[in-house]
Amino acid sequence: MSAQYQRFLKVLEKWPAEKSKVGSGEWTAEPAIKMSGAKIISGTAVAKSIREELRNEVTAMGKQLADFVPGLRIVQVGGREDSNVYIRMKIKAATEIGIDAAHVQLPRSITEVELLDKINDLNEDPRVHGIIVQMPLDCDTTIDSHRITDAVSPEKDVDGLHTVNEGRLAIGDLGGFLPCTPWGCLELIRRSGVEIAGARAVVLGRSKIVGTPAAELLKWANATVTVCHSKTRNLEEITRSADILVVGIGVAEMVKGSWIKPGAVVIDCGINVKPDASKASGSKLVGDVDYAEALQVAGHLTPVPGGVGPMTVAMLMKNTVRSAARFLERLARSQWALQTLPLKPQRPVPSDIVIARAQKPKDIAVLAKEIGLEAREVSLYGNKKAKISLSVLERLKDKEAGHYVVVAGMTPTPLGEGKTTTLMGLVQALGAHKLRNTMAALRQPSQGPTFGIKGGAAGGGYAQVIPMEEFNLHLTGDIHAVSAANNLLAAQLDTRIFHENTQKDKALYDRLVPAIKGQRKFSPIQLRRLQKLGITKTDPDTLTAEEYGPFARLDIDPDTIMWERVVDINDRYLRTITVGQSPTEKGISRETRFSISVASEIMAVLALSRSLEDMKQRLADMVVAFDKRGKPVTADDLGVTGALAVLLKDALEPNLMQSLEGTPVLVHAGPFANIAHGCNSIIADEVGLKLVGKDGFVCTEAGFGSDIGMEKFCNIKCRTSGRKPNAMVLVATVRAIKMHGGGAPVTPGAPLNKQYTEENLELVQKGLPNLLQHIENGKAFGMPVVVSLNAHSADTPAEHELVKKAALEAGAFAAVVSTHWADGGAGAVELAGAVIKACEQGNQFRLLYDLDLPLVDKMNKIATTMYGAGKVVLSPAAEEKVKRLTDAGFGNLPICMSKVSGSFTGDAKVKGAPKGFTLDVEDVYVSAGAGFVVAMCGEVTKMPGLPTRPAIYDIDLNTETGEIEGLF
């Protein structure tokens, strides 16, 4: 770099600092200054005015959203001093305005791939609203500069150089980012007071950065534009015809006074170094226009320096603030720009799989953008499902949450009454027909029922989650992750028992804390074990025999082991097994069993965790057994907490899918509704509530009837999350009401008795007490109850009216008939309207009991209020376990009642709504990680079996199309 050029850079860098400091009061010139001939258009003064305006805008943004600051990143490869000068100028201007500007300097050795990765990181960073790549790239490797500028997101391309933004300008769409120098030229012309519309404009130069976009801007400002270049003939003649002359040719003082029409506006974009012996530096800065001659002819003229140069920086700042304003607007936008999918219901209604296949889902990345997710917050699994990063909760932490609605059911028949179908119909109605931001939040179904007899759990008819195959099978592998974590803990548990039974204390200790490369140290989880034992030492070699013995030996009592292995299929032959029969296990065997994966406590932990840290602590707290002194043994004692968290870290992210009408669906976690709380995850609900915003709706489902799933949703899930649901939707069917009125048994696979296919008002009347008890259950929590009567083809209007009348008389907020199975969201519009009105009532939600009540009192409170029982009676074994758990510090946990789903009582054969009965509690155990005590009301199998003819027979893969067949 020549000494002359270095001096030029110093002059250039000092100019804006000395002449245009924001708020300094040092520069008071008007934008147009009258000299001997032309009026001088001071870019310095105009730029100052623009920066003052921008500073006020940025201040207002900070008031709109606390701590919000526009972010600008200037990417530089290498360290050219001329580039450094321009970067310092931009950062200085940004800082004065209040923009968080940072210089991202990268080494000359960077490759194109590495540079593209860095730009992509900035594209996905929500704190960054503008990105500039400083040219030229000073690199040792070959990098395509055009590819680099096009790698910047068009939404953050504040230089206006992306092909998309250039193309928008070319077709007259000025809503993108405009290139800074041409935009600055246009602003100078406008501020001169000269009318652009109808004027003849000549642009001298056709560069991508100045000439061509300047011509486009003038054209769309309604000037008649001519572009001249090095091949243009009769150049002087053309420029003399211009009312507006923009010069960016790159030749010092090329345009003479004779080239200029008297009174024309002349914008000089050039900047060149010219020798000048009269200057101390030996040179001066000049433009592409002979300033002295032009001054005598032009009507308005920009100087060099102090003309276009300061405007380029000012317009760059304006683009950055504009980008930040758009970001804030998107953040504050209450209504999603959701494109719904039209439905064309067929008659008769086809099978679920045929309906699902007939609807082509939206690309999940498109849906994610529609509902306000940033690209970095979405991990795509193909183009129909995705995971949502937990970082969205941090981004939206200050956003007001939406309305929270729980969908529960009356005591169901073995066929189910359509809770999921109703939930999907409701969200389709709210989202696609009522145009409210609405999110469904569902559990992920186990593969056991899918391959067994119940089938899938995606809803049905024209109210479904799609693609149903993805939903009902592996999805994104969360259940498999739960299975792996569960079985890793089981393996460590049995292995630890084996090693403690086959080694002395010292040998066991030495193997648990081995010397690695001559150094011996405790792992973090072992240090927690020492702390639990009250041992403060951190050097393994300093522990005494009295200390390393308790550290190394957990002394697990095999008779108290509560942890079981799991698999996500129905397999009756795993209900009782013996482990440890190999000769290598030296006779250390025990009887145990498998459960289905969704029965694992880890699934409940996943569903109730509020963050990664919370999940890790819950995993650590899980009690797997008691030691021989009666003290609980936890996963943390076994040293497995960190490993479990690693297996589950991705599983904690909720999954995004969609409904048949293109509305968003969150699918996450799937704990059993009898031995666990039967609800989807807290995290999924939180993500949904933040995304829908204060006027939106998140509708979630509670398993089985309100006595089981909804009670646990309130007393366990909502107690943990702190959320208060606004309303309850109670799903009922005439079929289920008739069954509870004494109708014939309903058996899967068998034809329905004619009592269910013909009008029978007497049976309906007799069965109503069951429905009314469920209405009372919702009211006990202070929620308005909206009864949704899921219409079946055999129902009659008289039966519907009887049910609706009884529900309203019992205190239901509303009772409506819904036909969403046959009609999709259109069939649940009345239901959606009732839910909207119910949520406007004001939140009166309350919990059923306080945690400081004794465990048995909590059981009684649930049984008498939710089931209509007279009292709870514990078996001697259950009483002993209650005492043990209370003594161990678990007495202040909520209760998870585990009982049959087909009756309010503990006997599935008892229908209706009996009162005053005794509920027997046979067993009690703690799910300490999940955070509740389970009361077993009779035998509830945790491992279903396959029927004589499972769905397996119908499920197949079409090898020609790749489609799955036979799911339902």
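Here the structure is a predicted model, which means the values were calculated and not measured.

Caption draft 1: View of the pattern of salt bridges. Per the stated rule, a full pass over the model turns up 58 salt bridges. Ionic pairing is found between E52 and R55, a salt bridge with its closest N-O pair at 2.9 Å. One end of the pair, E52, and the other, R55, are both in helix α2 (residues 43-64), 3 residues apart, so they sit about a helical turn from each other. On the accessibility criterion, R55 (29% relative accessible area) is partly exposed. Among the ionic contacts, a cluster of salt bridges with common partners joins K506, D510, R520 and D541.

Caption draft 2: Spotlight on the domain arrangement of the chain. Here the domain parsing of the chain yields domain 1 (39-315), domain 2 (352-476 + 650-841), domain 3 (479-648) and domain 4 (855-936). Summarising the inter-unit geometry, the C-alpha centres of domain 1 and domain 4 are found 74 Å apart.

Caption draft 3: Quick peek at the sheet that holds strand β4 (residues 100-106). Spatially, the 3 strands line up as an open sheet ordered β4-β3-β5, and their pairing is parallel. The open sheet has two edge strands, β4 and β5 (130-133), and neither has a second partner. Looking at each pair of strands side by side, their axes are set apart by 15° on average, direction ignored. Pairing geometry for strand β3 (residues 71-77) and β4, over 7 bridges, is parallel. The residue bridging I74 from the neighbouring strand is H103, located in β4. Those strands touched by helix α3 (residues 81-97) are β3, β4 and β5, and its axis lies near 175° from that of β3.

Caption draft 4: Structural detail: the side chain of S83. The topology assignment puts S83 in helix α3. With relative accessibility at 2%, the residue S83 sits in the buried group. If we skip the residues at most four places from it in the chain, S83 touches Q76, Q134, M135 and P136.

Caption draft 5: Quick peek at the UniProt feature "domain: Tetrahydrofolate dehydrogenase/cyclohydrolase NAD(P)-binding" (unreviewed entry) in the chain. The UniProt feature table records "domain: Tetrahydrofolate dehydrogenase/cyclohydrolase NAD(P)-binding" (unreviewed entry) at residues 179-326. For residues 179-326, the helix share is 36%, the strand share is 19%, and the end-to-end C-alpha distance is 18 Å.

Caption draft 6: Representation of the UniProt feature "domain: Tetrahydrofolate dehydrogenase/cyclohydrolase catalytic" (unreviewed entry) in the chain within the structure. UniProt's entry tags residues 41-159 with the feature "domain: Tetrahydrofolate dehydrogenase/cyclohydrolase catalytic" (unreviewed entry), counted in the numbering of this structure. Helix makes up 50% of residues 41-159 and strand makes up 16%, while its end C-alpha atoms are separated by 23 Å.

Caption draft 7: Broad picture of the packing of aromatic side chains. Scanning the model with the defined rule gives 6 aromatic pairs in all. Aromatic pair F68 and F327: ring centres 6.0 Å apart, planes at 10°, arrangement stacked. Placement of F68 in the loop between α2 and β3 and of F327 in helix α11 (residues 308-332) is noted, with a sequence separation of 259 residues between them. Per residue, the accessibility class of F68 equals that of F327, and both read buried. Between Y509 and Y548, the ring centres sit 5.2 Å apart and the planes meet at 20°, which makes this aromatic pair stacked.

Caption draft 8: Spatial organisation of the environment of K397. Relative to the helices and strands, K397 resides in the loop between α14 (391-395) and β15 (403-409). Note on K397: relative accessible area 48%, which makes it partly exposed. Sequence spacing of K397 and A552 is 155 residues, and the spatial spacing of their C-alpha atoms is 44 Å.

Caption draft 9: Structural context of the environment of V128. Residue placement: V128 occurs in the loop between α4 (112-124) and β5. When its relative accessible area of 1% is taken as the criterion, V128 is described as buried. Remark: the alpha-carbon pair of V128 and A102, spanning 26 residues in sequence, is separated by 9.9 Å.

Caption draft 10: Structural context of unusual backbone geometry. Residues M135 and P136 are joined by a peptide bond in cis, for which omega reads 0°. Considering the arrangement of structural elements, one finds P136 in the loop between β5 and α5 (145-151). Of the consecutive residues V304 and P305, the connecting peptide bond is found in the cis state with omega at -5°. Looking at where P305 falls in the secondary structure, it is placed in the loop between β12 (300-301) and α11. Within the chain, L435 stands out as a residue other than glycine whose phi angle is a positive 60°. Among the structural elements, L435 can be located in the loop between α15 (419-433) and β16 (438-442). Judged by its relative accessible area of 51%, L435 is exposed. A positive phi angle is found at K586, which is not glycine, with a value near 55°.

Caption draft 11: Seen up close, the confidence of the model for the chain. Per-residue confidence for the chain gives a mean pLDDT of 93, with 96% of residues at or over 70. A low-confidence stretch, residues 15-35 (pLDDT under 50), is modelled with 45 contacts involving residues beyond four sequence positions or located in other chains.

Caption draft 12: Inspection of the sheet that holds strand β34 (residues 895-898) at higher detail. Read from one edge of the open sheet, 3 strands run β34-β37-β36, paired in mixed fashion. Bordering the open sheet on either side are β34 and β36 (923-927), each of which pairs with just one other strand. Across this sheet, the average inter-strand angle for adjacent strands is 25°, counted without regard to direction. The pairing of β36 with strand β37 (residues 932-936) spans 5 bridges and is classified as antiparallel. By the bridge assignment, Y925 is partnered in β37 with V934. Strands in contact with helix α26 (residues 706-721) are β34 and β37; relative to β34, the strand with the most contacts, it is inclined by about 160°.

Caption draft 13: Spotlight on the side chain of K387. Position of K387 among the secondary structure elements: in strand β14 (residues 385-388). Since its relative accessible area comes to 1%, K387 is described here as buried. For K387, the side chain forms a polar contact with the main-chain oxygen of D650, separated by 3.3 Å. One polar contact links the side chain of K387 to the main-chain carbonyl oxygen of E653, over a distance of 2.5 Å. When neighbours within four sequence positions are excluded, K387 is seen to be in contact with E377, V378, S379, Y381, T476, D478, D650, A651, E653, P654 and N655.

Caption draft 14: Molecular detail of α2. Spanning 22 residues, α2 covers 31 Å between terminal C-alpha atoms, matching the ideal 32 Å at 1.5 Å per step. Buried within α2 are the following residues: G43, T44, A45, V46, A47, K48, I50, R51, L54, V58 and M61.

Caption draft 15: Geometry of helix α22 (residues 601-608). Within α22, 8 of the 8 residues are buried, which leaves the element mostly enclosed by the surrounding structure. Of all the positions in α22, only E601, I602, M603, A604, V605, L606, A607 and L608 are classed as buried. Two to three positions downstream of the cap, the backbone nitrogen of I602 sits 3.0 Å from a side-chain oxygen, assigning the N-cap of α22 to S600.

The rules behind each value
- Residues numbered from 1 in each chain as written.
- Predicted model: local features only at pLDDT ≥ 70, side-chain atom pairs only at ≥ 80, totals over all residues.
- Heavy atoms only, no water.
- Salt bridge = Lys/Arg side-chain N within 4 Å of Asp/Glu carboxyl O.
- Helix = DSSP H or I, 4+ residues; strand = E, 2+ residues; numbered from the N terminus.
- Buried < 20%, exposed > 50% of the residue type's maximum accessible area, 1.4 Å probe, protein only.
- Domains from an automatic or database assignment.
- Pairing = 2+ DSSP bridges.
- Axes fitted to C-alpha atoms, helices over the stretch in contact; angles between N-to-C directions.
- Contact = heavy atoms within 4.5 Å.
- UniProt positions renumbered as here; feature names shortened; annotations may be inferred.
- Phe/Tyr/Trp six-rings, centres within 6.5 Å; stacked < 30°, edge-to-face > 60°.
- pLDDT = per-residue confidence, 0-100.
- Polar contact = N/O pair within 3.5 Å; in protein donor to acceptor, adjacent residues only side chain to side chain.
- Expected span 1.5 Å × (residues − 1).

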